[in-house]
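For reference, the chains in residue letters:
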Amino acid sequence: MARVYNWQIGRTMSYWYSENRPAKQFGAVFDINKCIACQTCTLACKTTWTSGRGQEYMFWNNVETKPFGSYPLGWDVQLLDRLGQQKWEGNVYTGQTVFEAAPGGERVMLSKRETIDYSYPNVGEDEIYGSVERGGSLALPQQMWMFYLARICNHCTYPACLAACSRSSIYKRPEDGIVVLDQSRCRGYQECVKACPYGKVYFNAATGTSEKCIACYPKIEQGIQPQCFVNCIGKIRLQGWVSTPDKAREDNPIDYLVHVRKIALPLYPQYGLEPNVYYVPPLHVSDRFLVQMFGPGAPAAVRAYRNAKEDKTLQGLFALFGSTERTIPRFKIAGDFALALDDAGKEFMRVPIYEPVYIRPAQDRLYQIMRSNTT
Amino acid sequence: MKKKFLLVLITITGISLLASCGGPLINAQQVIASRTDKELPREDPNSSLWDKVAEHPAKLMVQDVAEPKLAEPGVETIRVRAIHDGNWVVFRLEWEDKSRSLIPESGTGSDAAAVQFPVEPGANVPDAAMGEKGKGVRIWFWKSVWQDDIERAREGKGDRVVSLYPQGSTDHYPYQANESAREEMETRYAPARAAANPITAQSNPVQVVMAEGFGNLSPAPIQEGTGTGQWKDGRWRITIARPLNPGKGMDTLEAGMRSYVAFAVWDGAAGHTGSRKMRSGWIPLVVE
């Protein structure tokens, strides 16, 4: 195994191949505080890519309820359990990644993936964590919580699927870092299916090959965000390009949220894959759970997000989410507007940071009636 | 005692072909492809012709050369017989497998077996584990799912999805919306087929492949091969047939020559796929 640097765990680690970063890395931020699990993203993906024979239970995009939902079944708890108790020391993960914990003869610590694990996409849906004690329903913060976790392939910098494929059928595109599975080369060994700790590679029984999210690369190549992003009615998603911390740019929306403000965090960074979908963690969930899921930066990210209403740049950037179909490589704040800029710095979208507020008097003087605020 | 005596005799004298009482002719040292003038049982693993030729019990070992390795041993012995007619040679392989695994699903594979030959016998024989760079191997690879595909099609039993989920129903597939565009749409939503992956267009239970080490297996230039398998009472009995001289880019066998052969077996129910397999080393092959 080679030694590579993984900035998300703050150290070098073992990986099957040497470090070889793409010219640009596909990145995304999901603000899951806004997700309502409407599954429009799931359907947008499904109708575009996985509506064929053998793809019936294949969801390149899915939204599950945490803490009890998971698709495929137990993808997260299963591996956490196998890895056992591990440790962060500050921002450095001193535990073992899935590459370092791989038993002899394996490239990656594998997960179990069986047909039954794909048979219950909605398991745990809307189930809450915790119980309400006497009078607890009136107390804040609320004792019970749940949240929705929207998931796609993380297009990891160190993909476990890629490392596990003995045929080298999976590769990272050098131009954009999107991880793709060569459908002409795959022989259906399913090593990638078992290796991806996020359970985001699927086996197609009809073709006998494995398949995964391709980040809608035909759209990306045209400067357009993927289907699950542009169809998100909650406007929780923003696709762009993520740099390494040393090359982070303040005017790059993804860099700003990930590196500058550290408000968007990777999913299970301790697995060691350097995943490139970043989550604004939910506000109302216990720190212990958030740290396990998003790393030690989660409590600070929650605090920063709580303060976003006082922060014009953050507010403006979040207003740009879902404002345009185009990928936003750069942004800036101008007055009360957030501007989306192309690579040359030319504006192509402008959104107001603050929604206009109209206050109508309770009494309508013209008709001499009191207005109802229920309409 | 008599069997013990025979084993000792084989070891001491090197006489390879002996008959034990009531059982098949056993040749523990090598695989002998006996010549016949009769029609070759290319797709008949139960032909009476097989009763007349010697059997080699090939010991298999876990593939532990390249990651991912096989952690738990699978099939430890396969019984091999071979017949040729001067043009083709047929191998009959027999092994115990309690479960008959046909269509692979998440977590399972397809029962399979392979017969491997060095491109160049003699001093240039490559590593038996998939060959080496510059020293290739040619492999005739039988897979139960490919045979099942053909049998289901012949019997009008529908595709793999129907077979896996006979009670399953689906609201709608996009390709059903427009009959004139059905084929194009079906292919579009079957990316491996759209990308012309050979394993999705396998009209033969035996695929001929080539390799120069692990990880670079690809279809051979000549796809001349056939075979069939039967699973009964916890036992696979299959044939794999190949031409002695398939043509350019392939290895060549001929009557009277000595070469090598190696075998591999996958147990689909145990999740054996790819390099997770039981394999043999090179075994001497005599083409009579």
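Residues numbered from 1 in each chain as written. Chains lettered and ligands numbered in written order. Predicted model: local features only at pLDDT ≥ 70, side-chain atom pairs only at ≥ 80, totals over all residues.

Draft legend 1. Region of interest: the overall build of chain B. When helices and strands are counted, chain B shows five helices and 16 strands. Compactness check: chain B gives a C-alpha radius of gyration of 20 Å against a globular reference of 19 Å for 288 residues, within 12% of the reference. Overall, the C-alpha framework of chain B stretches about 75 × 40 × 40 Å when taken along its three principal axes. Per-residue burial over chain B gives 42% buried out of 288 residues. Long-range pairs, those at least 24 residues apart, make up 65% of the contacts in chain B with a sequence separation of at least 6. (Helix = DSSP H or I, 4+ residues; strand = E, 2+ residues; numbered from the N terminus. Rg over C-alpha atoms; globule rule 2.2 N^0.38 Å. Buried ≥ 20, exposed ≤ 12 C-beta atoms within 10 Å, placed from the backbone. Contact = placed C-beta atoms within 7 Å.)

Draft legend 2. Focus on the overall build of chain A. The secondary structure content of chain A amounts to 10 helices and 19 strands. A globule of 375 residues ought to have a C-alpha radius of gyration of about 21 Å, and chain A, at 22 Å, matches this closely. Projected onto the principal axes, the alpha-carbon positions of chain A cover approximately 80 × 60 × 45 Å. The buried share among the 375 residues of chain A stands at 50%. Partitioning the contacts of chain A with sequence separation of at least 6, the portion at a separation of at least 24 is 60%.

Draft legend 3. View of the sheet that holds strand 13 (residues 265-266) of chain A. All names here are of chain A. Pairing in this open sheet of four strands is mixed, and the strands run 12-3-14-13 from one edge to the other. Each having just a single partner strand, strand 12 (237-241) and strand 13 make up the two edges of the open sheet. In this structure, strand 3 (residues 26-31) lies alongside strand 14 (residues 277-280), joined through four bridges in parallel fashion. The partner of V29 across the bridge, within strand 14, is Y278. (Pairing = 2+ DSSP bridges.)

Draft legend 4. Layout of the nonpolar core. Residues and elements named next belong to chain A. Ranked by internal contacts, the top residues of the largest apolar core, which has 111 residues, are I32, V108, C161 and C192. Considering each element in turn, this core owes the most residues, five residues, to helix 3 (residues 160-164). Residue contributions to this core reach at least three from each of two domains, namely domain 1 (2-130 + 143-302) and domain 2 (311-375). Every residue in contact with C161, bar those within four places of it in the chain, is listed here: I170, V179, C192, A195, C196 and V201. (Core = buried A, V, L, I, M, F, W, Y, C linked by C-beta atoms within 7 Å. Domains from an automatic or database assignment.)

Draft legend 5. Geometry of helix 10 (residues 312-320) of chain A. All of the buried residues along helix 10 of chain A are A:L314, A:G316, A:L317, A:F318 and A:L320. Looking one or two residues past helix 10 of chain A, A:G322 carries a phi angle of roughly 70 degrees, positive in sign.

Draft legend 6. The arrangement of the interface of chain A and chain B in detail. If you look at the interface, chain A gives 34 residues, while chain B gives 35 residues. Elements that contribute at least two residues to the side of chain A that touches chain B include exactly helix 4 (191-195) and strand 11 (209-212) of chain A. A breakdown of the residues in the side of chain A that touches chain B according to their chemical character gives seven nonpolar, 15 polar and 12 charged. (Nonpolar A, V, L, I, M, F, W, Y, C, P; charged D, E, K, R; others polar.)

Draft legend 7. Representation of the packing of helix 8 (residues 287-294) of chain A against helix 9 (residues 298-306) of chain A within the structure. All names here are of chain A. Orientation of helix 8 relative to helix 9, taken along the N-to-C sense of each, is 110 degrees, at an axis distance of 8 Å. Taken together, the axes of helix 8 and helix 9 are roughly perpendicular relative to one another. The residues of helix 9 that touch helix 8, namely those facing D287, L290, V291 and F294, are A298, P299 and V302. A breakdown of the residues in the contact of helix 8 with helix 9 according to their chemical character gives six nonpolar, no polar and one charged. (Axes fitted to C-alpha atoms, helices over the stretch in contact; angles between N-to-C directions. Parallel < 35°, antiparallel > 145°, perpendicular 65-115°, else oblique.)

Draft legend 8. Region of the structure containing unusual backbone geometry. Between A:Y71 and A:P72 the backbone carries a cis peptide bond, its omega angle lying at 0 degrees. For A:P72, the position within the fold is in the loop between strand 4 (62-66) and helix 2 (75-83). Following B:E67, the chain continues to B:P68 via a peptide bond in cis, the omega torsion being -5 degrees. Among the structural elements, B:P68 can be located in the loop between strand 5 (61-62) and strand 6 (77-84). Despite not being glycine, A:D126 shows a phi value in the positive range, around 60 degrees.

Draft legend 9. Expanded view of helix 7 (residues 253-260) of chain A. Of all eight residues making up helix 7 of chain A, seven are buried, and the element is well covered by its neighbours. Close packing links the buried residues of helix 7 of chain A with strand 3, strand 12, strand 14, helix 10 and strand 15 (330-334) of chain A.

Draft legend 10. Structural context of the sheet that holds strand 17 (residues 347-352) of chain A. Residues and elements named next belong to chain A. One open sheet holds the three strands; their spatial order is 15-16-17, and the pairing between them is antiparallel. Strands with a single pairing partner mark the edges of an open sheet, and in this sheet they are strand 15 and strand 17. Here the strands of the sheet are splayed against their neighbours by 25 degrees on average, with no regard to which way each runs.

Draft legend 11. Structural context of the pairing of strand 6 of chain B. All names here are of chain B. Most of strand 6 is tucked away: six of the eight residues are buried. Both strand 4 (residues 56-59) and strand 6 contribute to a ladder of four bridges, which runs antiparallel. The residue bridging K59 from the neighbouring strand is T77, located in strand 6. Note that strand 6 and strand 7 (residues 88-96) share six bridges and pair antiparallel. When the sheet's bridge partners are listed, I83 is paired in strand 7 with V90. In textbook terms, the turn of a hairpin is the stretch between consecutive antiparallel strands, and for strand 6 and strand 7 this stretch comprises three residues, one of which, G86, has a positive phi near 95 degrees.

Draft legend 12. Quick peek at the pairing of strand 10 (residues 206-211) of chain B. Residue and element names in this part refer to chain B. The element strand 10 is largely enclosed, with a buried count of five among its six residues. Here strand 9 (residues 137-143) runs beside strand 10; their pairing, made up of six bridges, is antiparallel. Counted as the bridge partner of W142 is V206 from strand 10. Once strand 10 ends, the chain turns through six residues before running back antiparallel as strand 11 (residues 218-219), passing G213 with a positive phi of about 110 degrees.

Draft legend 13. Just the environment of A:N122, in detail. For A:N122, the location among the structural elements is in the loop between strand 6 (92-93) and strand 7 (147-151). In the structure, A:N122 is positioned 50 residues away from A:P72 in sequence and 9.9 Å away in space, judged by C-alpha atoms.

Draft legend 14. Seen up close, the domain arrangement of chain A. Residue and element names in this part refer to chain A. Domains assigned within chain A are domain 1 (2-130 + 143-302) and domain 2 (311-375). Taking only C-alpha atoms, the centre of domain 1 and the centre of domain 2 are 31 Å apart. Listed as interface residues are 19 residues of domain 1 and, on the opposing side, 14 residues of domain 2. For the side of domain 1 that touches domain 2, the secondary-structure elements that each account for two or more residues are strand 12 and helix 7. By residue number, the principal contributor to the side of domain 1 that touches domain 2 is strand 12, which donates five residues.

Draft legend 15. Region of the structure containing the confidence of the model for chain B. Residues and elements named next belong to chain B. Of the residues in chain B, 92% reach a pLDDT of 70 or more, and the chain-wide mean stands at 92. Overall, residues 1-20 carries pLDDT values under 50, and its contacts beyond four positions in sequence, including any with other chains, amount to 18 contacts. As scored by the predictor, the complex reaches a pTM of 0.93 and an ipTM of 0.92. (pLDDT = per-residue confidence, 0-100.)

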